[in-house]
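Below are the chains, spelled out letter by letter.
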Amino acid sequence: MSSASARAHANIALVKYWGKRDEALFLPTNGSLSLTLDGLYTTTTVTYGDGAADRLVLDGVEQGGDALAKVSRFLDRVRPDGLRAFVESENHVPTAAGLASSASAFAALAVAASRAAGLALTPDELSRLARQGSGSACRSIYGGFVEWRRGERADGADSHGVPIAPQAHWDVRMLVAVLVKAPKAVSSREGMRRTVQTSPFYPGWLASVDSDLAAARAAIATRDLDALGTVMEASALKMHATMLAAQPPFTYLRPASLAAIQAVWDARAAGLNGYLTMDAGPNVKVLCAAADAPAWQACLAALPDVVEVLCCGPGPGVA
Ligand code: PMV
């Protein structure tokens, strides 16, 4: 029996990943850039042994079906010959609420599973491995600000996270207004596929990503919150617009999300500086300076449909 544990933090994309060019290898159509968050993380222990089948226990609950099958397929990439795995995972992120729980989950699993198998993978190798469980997981290998390079190669060797500024570079805050704590109706995998195949807005999205990435990199280098916030907000809203134009159409925006977006814009117009982003779920997140976090916390907590408001700073890479 060999066993190893790992902890990985969630990340929120500032410039979004939306669309795959290779679904089997999780290769993206566009590059993306994220901030790893403290406070939201997954801890996972993998133990290899002679059991009859893999087991997955998530937050104390034995899993079967698709969740177990997905983890088993992922483990096939690293498991020692013939051995079955017992995977125990604790998710400190509201599951499937658009808080990138799959990112921290597969980053932690990649590290624990490869360590327990006796493999000493480099961070870039771990990032490529995590990518093949969930694309955004490749960014959670690293702390701070991380770019996921799209890459050009068909085998994905050049498609992995690259740290662009460490956790200590810039003391910003990301507030997460959790609006509806429920699993999403359209998975990010299905949503991306539908958007890539049918949305007439998708080519426009793709054409704008590289300049967004360049603007975000420059803004992070100079710690320019207005420049970063402007490009971040535009990236998220453009991504959501592509979905409305897909066939059949879909959206992760709920009435509560629109109310939160309006509240953020109103607060900003009134002089509170901060910018919003949203992922494949209803929640609204706000990026702001550390000093403005209490005012944003109060603003978001006053929304009618808010379940909770989380406040995160930049987080570390996997450990
Ligand atoms: O890798 P997934 O399936 O968690 O997809 C992530 C998609 C977005 O959260 C919407 C954007 C992103 O870059 O994280």
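Residues numbered from 1 in each chain as written. Predicted model: local features only at pLDDT ≥ 70, side-chain atom pairs only at ≥ 80, totals over all residues. Heavy atoms only, no water.

**Details of the packing of aromatic side chains**
Then, number 1: One pass over the structure, following the stated rule, counts five aromatic pairs.
Then, number 2: What links up through ring pairs into an aromatic cluster is the set Trp18, Phe250 and Tyr252.
Then, number 3: For the cation-ring pair, arginine 7 lies above tyrosine 41, with the distance from its terminal atom to the ring centre recorded as 3.9 Å. (Phe/Tyr/Trp six-rings, centres within 6.5 Å; stacked < 30°, edge-to-face > 60°. Lys NZ or Arg CZ within 6 Å of the ring centre and 35° of its normal.)

**Comments concerning the site of the ligand**
Then, number 1: Taken together, 14 residues surround the ligand, and among them Tyr17, Ser134, Ser136, Arg139 and Ser188 come closest.
Then, number 2: Interatomic distance of 2.7 Å between a side-chain N/O atom of arginine 139 and an oxygen atom of the ligand.
Then, number 3: Serine 188 has a polar side-chain atom sitting 2.6 Å from an oxygen atom of the ligand.
Then, number 4: Within the complex, the protein chains bury 91% of what would otherwise be the 380 Å² of accessible surface of the ligand. (Near = heavy atom within 4 Å. Polar contact = N/O pair within 3.5 Å; in protein donor to acceptor, adjacent residues only side chain to side chain. Areas by Shrake-Rupley, 256 points an atom, 1.4 Å probe, with all protein chains shown as cover.)

**Structural notes on the domain arrangement of the chain**
Then, number 1: Parsing the chain into structural domains produces domain 1 (2-169) and domain 2 (172-312).
Then, number 2: Averaged C-alpha coordinates put domain 1 and domain 2 at centres separated by 23 Å.
Then, number 3: Taken together, the contact between domain 1 and domain 2 spans 30 residues of the former and 47 residues of the latter.
Then, number 4: Taken over both partners, the interface formed by domain 1 and domain 2 buries close to 3,100 Å², and the fraction arising from carbon and sulfur atoms is 68%.
Then, number 5: Three residues stand out in domain 1 for area buried against domain 2, namely Leu14, Lys16 and Trp18, and they jointly supply 27% of the buried area on that side.
Then, number 6: For the pair domain 1 and domain 2, the interface holds four salt bridges.
Then, number 7: Arginine 193 serves as the salt-bridge partner of glutamate 23, at 2.8 Å between the closest nitrogen and oxygen.
Then, number 8: When residues of the side of domain 1 that touches domain 2 are traced back to their parent elements, those giving at least two are strand 1 (2-15), strand 4 (32-49), strand 8 (145-148) and strand 9 (161-165).
Then, number 9: The leading source of residues in the side of domain 1 that touches domain 2 is strand 4, at six residues.
Then, number 10: The class makeup of the residues in the side of domain 1 that touches domain 2 is 18 nonpolar, seven polar and five charged. (Domains from an automatic or database assignment. Contact = heavy atoms within 4.5 Å. Buried area = accessible area lost by both parts, 1.4 Å probe. Salt bridge = Lys/Arg side-chain N within 4 Å of Asp/Glu carboxyl O. Helix = DSSP H or I, 4+ residues; strand = E, 2+ residues; numbered from the N terminus. Nonpolar A, V, L, I, M, F, W, Y, C, P; charged D, E, K, R; others polar.)

**A closer look at helix 2 (residues 101-116)**
Each α-helix turn comprises 3.6 residues. Residues three or four places apart therefore point the same way.
Then, number 1: A rise of 1.5 Å per residue sets the reference length of helix 2, with its 16 residues, at 22 Å; its end C-alpha atoms lie 22 Å apart and thus fit the reference within 8%.
Then, number 2: Helix 2 sits mainly inside the fold: 13 of its 16 residues count as buried.
Then, number 3: Two residues or fewer after helix 2 comes glycine 118, characterised by a positive phi angle close to 80 degrees. (Expected span 1.5 Å × (residues − 1). Buried < 20%, exposed > 50% of the residue type's maximum accessible area, 1.4 Å probe, protein only.)

**Focus on helix 1 (residues 65-75)**
Then, number 1: Those residues of helix 1 not exposed but buried are Leu68, Val71, Ser72, Phe74 and Leu75. The buried residues of helix 1 occupy one face: seen down the axis, they fall within an arc of 160 degrees. Turned more than 90 degrees away from the buried face of helix 1, the exposed residues are Gly65, Asp66 and Arg73.
Then, number 2: If you follow the buried residues of helix 1, they end up packed against strand 4, strand 5 (55-58), strand 6 (61-63), strand 7 (84-91), helix 2 and helix 3 (123-131). (Arc of directions from axis to C-beta.)

**As for the pairing of strand 8**
Then, number 1: Judged by which residues are buried, strand 8 turns out to be covered on both faces: Phe145 and Glu147 on one side and Val146 and Trp148 on the other are all buried.
Then, number 2: Sheet analysis places strand 4 next to strand 8, joined by four bridges and oriented antiparallel. Each bridged residue has a counterpart across the sheet, and for serine 34 the counterpart in strand 8 is valine 146.
Then, number 3: As paired strands, strand 8 and strand 9 are joined by four bridges and run antiparallel to one another. (Pairing = 2+ DSSP bridges.)

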